[in-house]
Amino acid sequence: FYECSFFFYVSIFSDAYVTIYINNNTQVQTNGCSISYYGQEYSTFYTNFTGEDMFICFNGYYTPDSNRDCIKAPNTENRTFLLLYDDLDTNSGTFWTNLFLSEGIPITNNITCIFFFTYYIVSFGVTPGTTRQDLETCSSMTCSNSSIASMETCSPPGQCDGNGIFMCNNITKPLESQLCSVKGLCTVTGPTVIDFSEQINSVSDRCEYSLLHDQSTGFSLKANFLERRRRDVSFVDSLTLDFSDSDDIQLLQGHRVKVTGSPVTLTSSVQTFSGVDLSKDQTGVTANFSLDGLSMSVFFDGTTAQIYLNKSNSLTYEGLCVDSSSSSSSRLPSNSSCQDQYVDTGDDTIDCAVVTQQCSILKSAPFSSCNLYVDPEPYIIACRSTLCKYPSVDNLRCQFLEAYAKACEKKQVDLQNWWTTAQYHPELICEDKCSDHEFCGDIHGNTDCRCRAIFASQYTEQNRLGGPTVCQDNTASLTLVGCLLKEKSIDYTHLHLSDQTCTGVMDPDSHMLSFSFSSDSCGTEVKTNNSQVTFTNAVMTRNSSSDVITRHDKVFIEFSCSHPKPQLQNVAFKIIDNWFVTFLQSGEWKYSVTMKAYSDAAHTQLLDPKSDIRLNQKIWIVLETNGLNKDVVSVVTDSCWATSEDSPNSTPRYDLIRDGCANADDGTVNVMGNGEGTSNSFSFNMFEFSGKETSEVYLHCQLQLCVKKNNNCVPGCSFAGRRRRSLRYRRGAPALISMVWTH
């Protein structure tokens, strides 16, 4: 039995492989990849676990008193995985042959097959006559020429010096300098958090979480998660560096940065804000700073956040990067709706088997050259669990590959143009800043701001492109959602109202398109019935006869406002009160009505209680409204009559105005301005009722409000007989106004 073990390397170069999960005594045949071990060739091996050790033997299971050829490795939870590849192509075989030779492993023939045990024994093998370091535990293993192993552990001050060099002060035999392992690496990509211990968990809501919180300094690194195309899948959307004693820094979508809420412009040159070095390149934004002697680097590209520490065992830290399963305790106070759960319809275009194969490229060249330094499994799981539910759009698959490549870069592993092999496309960057309800994605092959699913659902579920019409008085407005228009291939610059000169106004921040009009503008159509006034217009696509072709859908969105028709209400006046004004409201219409009596045609001598009114004296009655738009409605005095009692239905009755026209039988009556505006007047000679003891005469007038659009509101009265020819306005519910005076 030899206590020295061999290296087994991870590689996936073709689909011809077998995976075996081993968790007990297992015998495995490897006929397609025989094993040469110290001059002997084996095609069967035996795996068993004993206490702290795992043994892989070639001529039977290991027992303490046996003398078999075995490899000894640490026992990790009585389990391991075996992957066997027996069909490597020429390029792959050459790559691994050169790699083994560079490690000092003598190989005489080009490698054609590989089998390996994942994770549990990687980097634990030492060839005879050499010493290797375990950079994760700061220990070294020496294997003598006679195959006797010895271990040495490096205690403080032995450490990685931060520049990629391993230093160990208490090991007497000088060790060859090697690259240090970056212990503090936390990756947040999509909804997935891979913490410092490479444990994986996902965020299922749209809340803000603490990735790191330093209890000693008060510093917090926060991540906000939001949905994109689906309501039930969240993505890391922004980061906040919250310094308790200095300015906060936000890393946002589109490589944008805010310091204390104000945007800053970054370049590749380092700019320092409150001790934080900020820089930007084509891949994203990096923030470097120190906290209590601990160097920290935060990178964010809009889809993936990676946090690097020069050590990861600080007991003062907490958050998802320390324990990815601590979602409940790491969730920060925010709007409770962020925890609402949604279940969207499954996407039947997703083939999870294909997704699994695509994500597993991280175990193929050139990524496989990094598998010894960065475990690809958490990244594969993150990729697979997301893309089996969410469509592989907006360069999403590439973000998981890029996250792994960035982690390898920190380990100083060159993946040699990995983007070519993976058919990688650069991250999507929108030229315009997307609003809070948008994210940067692909729209029909172009990069632009798409609507977030929850925001969009309030419109799409009702098959609408915007909000309801907002109506006020005689105006109306309609707001359309810019990102929904883009997703429907509608160019907002081609939209207008019925009048082509009336176009929408795009808000540069919210990307909401607003149209507004009044009842007498932009080609608005006004309709009335007995109780409603309706203003109707439409948003439509510009119709240009000069366009030979078009690539945009036709649009016709009709919208309208309906108001209760304004009505005058019963008001009683007495001449002894001089004149009277009342304020009224009918639906959306607010106005006042005034009734006055004058003794002159110029309406300058207002009758008051002291005025001496004689029989057969001409008086002028003026009816005025205030608050009604004269361009929209007119006041029509439909009829006026006198009674000796206060009831308009009492008898006797004497008519002064009938059907909007002066009583032809009374030559003293003259009607002026009827139906022309929001006021009119008429005159008559004073009279009294014959045979009545009471001296009071009550004058009642019935008024109608007429909508002027497409209507002639002036009563048609013949000149000679002054009788009404036809009714040119539509009647609503009439209003009765009464006035009383004493003769």
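Chains are numbered independently. Their residues run from 1 in the order of the written sequence. This being a predicted model, a pLDDT of at least 70 is required before a residue's local features are given, and a value of 80 or more before pairs of side-chain atoms are given or counted; all residues contribute to the totals for chains, interfaces and linings. Note that the side-chain values use all heavy atoms of the structure and ignore hydrogens as well as water.

Looking at an unreviewed UniProt entry, the protein chain carries the name ZP domain-containing protein, with the source organism given as Oryzias melastigma.

Enquirer: Account for the overall build of the protein chain, with residues named and values stated.
Expert: Numbering goes from the N terminus for both helices and strands, where a helix is a DSSP run of H or I of at least four residues and a strand is a run of E of at least two. Within the protein chain, the secondary structure is distributed over eight helices and 50 strands. For the exposure calls, accessible area comes from a 1.4 Å probe over protein chains only, and a residue counts as buried if that area is under 20% of its type's maximum, exposed if over 50%, partly exposed in between. Taking all 743 residues of the protein chain together, 48% fall into the buried category. Only heavy atoms enter the contact rule, under which two residues are in contact if any of them lie within 4.5 Å. Contacts in the protein chain between residues far apart in sequence, at least 24 positions, make up 59% of those at least 6 positions apart. Throughout, the Shrake-Rupley method with a 1.4 Å probe supplies accessible areas, and for residues the shown protein chains are the sole cover considered. For the protein chain, the computed accessible surface area is about 35,900 Å², with 46% contributed by carbon and sulfur atoms.

Enquirer: Quick rundown of the sheet that holds strand β2 (residues 26-29)? Include the residues and the values.
Expert: Read from one edge of the open sheet, four strands run β2-β5-β6-β7, paired in antiparallel fashion. The strands lining the two open edges of the sheet, one partner per strand, are β2 and β7 (70-74). Across the sheet, the mean angle separating the axes of adjacent strands is 20 degrees when strand polarity is ignored. Paired strands are those between which DSSP finds at least two bridges. Across five bridges, strand β6 (residues 53-57) lies against β7 in antiparallel orientation. Within β7, the position partnered with I56 by the bridge is I71. Here an axis means a line fitted to C-alpha atoms, over the contact stretch when the element is a helix, while the angle between two N-to-C directions is reported on a 0 to 180 degree scale.

Enquirer: Break down the packing of aromatic side chains for me, with residues and values.
Expert: Think of it this way: a Phe, Tyr or Trp ring, Trp meaning its six-membered ring, pairs with another when their centres are within 6.5 Å, and the plane angle makes it stacked under 30 degrees, edge-to-face over 60, tilted otherwise. One pass over the structure, following the stated rule, counts 18 aromatic pairs. Taken together, a centroid distance of 5.0 Å and an interplanar angle of 20 degrees make the contact between Y42 and F58 stacked. Taken as a pair, Y42 in strand β4 (residues 40-42) and F58 in the loop between β6 and β7 lie far apart in primary sequence, 16 residues in all. According to the relative accessible area criterion, Y42 is buried, its value standing at 12%. Summarising the aromatic geometry, the rings of Y379 and Y404 are spaced 5.3 Å apart at their centres and angled 75 degrees between planes, so their arrangement reads as edge-to-face. On the criterion of sequence distance, the pair formed by Y379 in helix α4 (residues 377-387) and Y404 in helix α5 (residues 396-410) is long-range, its members being 25 residues apart. Here Y404 falls in the buried class, since its relative accessible area comes to 0%. Through a chain of ring-to-ring contacts, the aromatic side chains of F367, Y379, Y404, W418 and W419 assemble into a single cluster.

Enquirer: Account for the environment of I56, naming residues and giving values.
Expert: Relative to the elements of secondary structure, I56 occurs in strand β6. Here the alpha-carbon distance between I56 and D69, two residues 13 residues apart in the chain, equals 8.5 Å.

Enquirer: Residue-level account of the packing of α4 against α5, with values.
Expert: At a minimum axis distance of 10 Å, the contact between α4 and α5 shows a crossing angle of 170 degrees. Overall, the two elements α4 and α5 adopt an arrangement that is roughly antiparallel. Of the two elements, α4 crosses α5, and the hand of that crossing is right-handed. On α5, the residues that touch Y379, A382, C383, T386 and L387 of α4 are L396, R397, F400, A403, Y404 and A407. Amino acid classes used here: Ala, Val, Leu, Ile, Met, Phe, Trp, Tyr, Cys and Pro are nonpolar; Asp, Glu, Lys and Arg are charged; the rest, including Gly, are polar. For the contact of α4 with α5, the residue count by class is nine nonpolar, one polar and one charged. With respect to orientation, any angle under 35 degrees is reported as roughly parallel, any angle over 145 as roughly antiparallel, any angle of 65 to 115 as roughly perpendicular, and every other angle as oblique. Take the far helix as your reference; a near helix turned counterclockwise from it by less than a right angle gives a left-handed crossing, and one turned clockwise gives a right-handed crossing.

Enquirer: Which residues make up the state of the cysteines, and what values go with them?
Expert: Disulfides are defined as cysteine sulfur pairs within 2.5 Å. Counted according to the given criterion, the structure contains 13 disulfides. With a sulfur-sulfur separation of 1.9 Å, C207 is cross-linked through a disulfide to C338. Its S-S torsion of approximately 90 degrees makes the covalent link between C207 and C338 right-handed. Here C207 is found in the loop between β17 (200-202) and β18 (208-214), whereas its partner C338 is found in the loop between α2 (327-330) and α3 (352-359), with 131 residues between them in sequence. One disulfide in the model links C370 with C408; its S-S distance is 2.1 Å. Judged by the torsion about the S-S bond (-110 degrees), the C370/C408 disulfide is left-handed. Of the two residues, C370 is situated in the loop between α3 and α4 and C408 in helix α5; the sequence distance between them amounts to 38 residues. Residue class for C408 comes out buried when judged on its relative accessible area of 0%.

Enquirer: Lay out the pairing of strand β26 (residues 284-291) with the relevant residues and their values.
Expert: Judged by how many residues are buried, β26 sits mostly within the fold: six of eight residues are covered. In terms of strand pairing, strand β25 (residues 276-281) meets β26 through five bridges, oriented antiparallel. Looking at β26, one finds that D281 is bridged to G284. Linkage of β25 to β26, two consecutive antiparallel strands, is achieved through a turn of two residues. Of the strand pairs in this sheet, β26 and strand β27 (residues 294-300) are connected by seven bridges, and their pairing is antiparallel. What sits directly across from L291, in β27, is L294. Between β26 and β27, which pair antiparallel one after the other, the connecting turn spans two residues, and D292 there sits at a positive phi close to 50 degrees.

Enquirer: Give a detailed account of the pattern of salt bridges, specifying residues and quantitative values.
Expert: Salt bridge, as used here, is a side-chain nitrogen of Lys or Arg placed within 4 Å of a carboxyl oxygen of Asp or Glu. By the definition in use, this model includes 15 salt bridges. K72 is the salt-bridge partner of D53, the closest N and O atoms lying 3.8 Å from each other. Here K72 lies in strand β7 and D53 lies in strand β6, a separation of 19 residues in the sequence. A relative accessible area of 22% means that D53 is categorised as partly exposed. With its nearest N and O atoms 3.7 Å apart, the salt bridge here joins E461 to R231. With E461 in the loop between α7 (453-460) and β32 (470-472) and R231 in the loop between β19 (220-227) and β20 (234-242), the pair connects residues that are 230 residues apart, well separated along the chain. Here E461 falls in the exposed class, since its relative accessible area comes to 60%. Salt bridges sharing common partners tie together R230, D232 and K389.

Enquirer: With reference to specific residues and values, describe the side chain of D237.
Expert: Note on placement: D237 falls in strand β20. In this structure the side chain of D237 is engaged in a polar contact, spanning 2.8 Å, whose partner is the side chain of R452. If near-sequence neighbours (up to four positions away) are discounted, D237 is found in contact with N224, F225, L226, Q253, F300 and R452. We call two N or O atoms a polar contact when they sit within 3.5 Å, provided that within protein one can donate a hydrogen and the other can accept it, with sequence-adjacent residues counted only if both atoms are side-chain atoms.

Enquirer: Quick one: what's the story with the pairing of strand β30 (residues 438-443), residue by residue and with numbers?
Expert: A large share of β30 lies buried, amounting to five of its six residues. Count of turn residues in the β30/strand β31 (residues 446-451) antiparallel hairpin: two residues, of which H444 carries a positive phi of about 55 degrees.

Enquirer: An account of the sheet that holds β20 is requested, with residue identities and associated values reported.
Expert: Strand order across the open sheet formed by seven strands is β23-β22-β21-β20-β19-β18-β29, with antiparallel pairing between neighbours. If you trace the sheet from one side to the other, it starts and ends with β23 (262-264) and β29 (317-318), each paired once. Two elements, strand β21 (residues 249-251) and strand β22 (residues 257-259), share three bridges in a ladder whose sense is antiparallel. Bridge pairing links L251 to V257 in β22.

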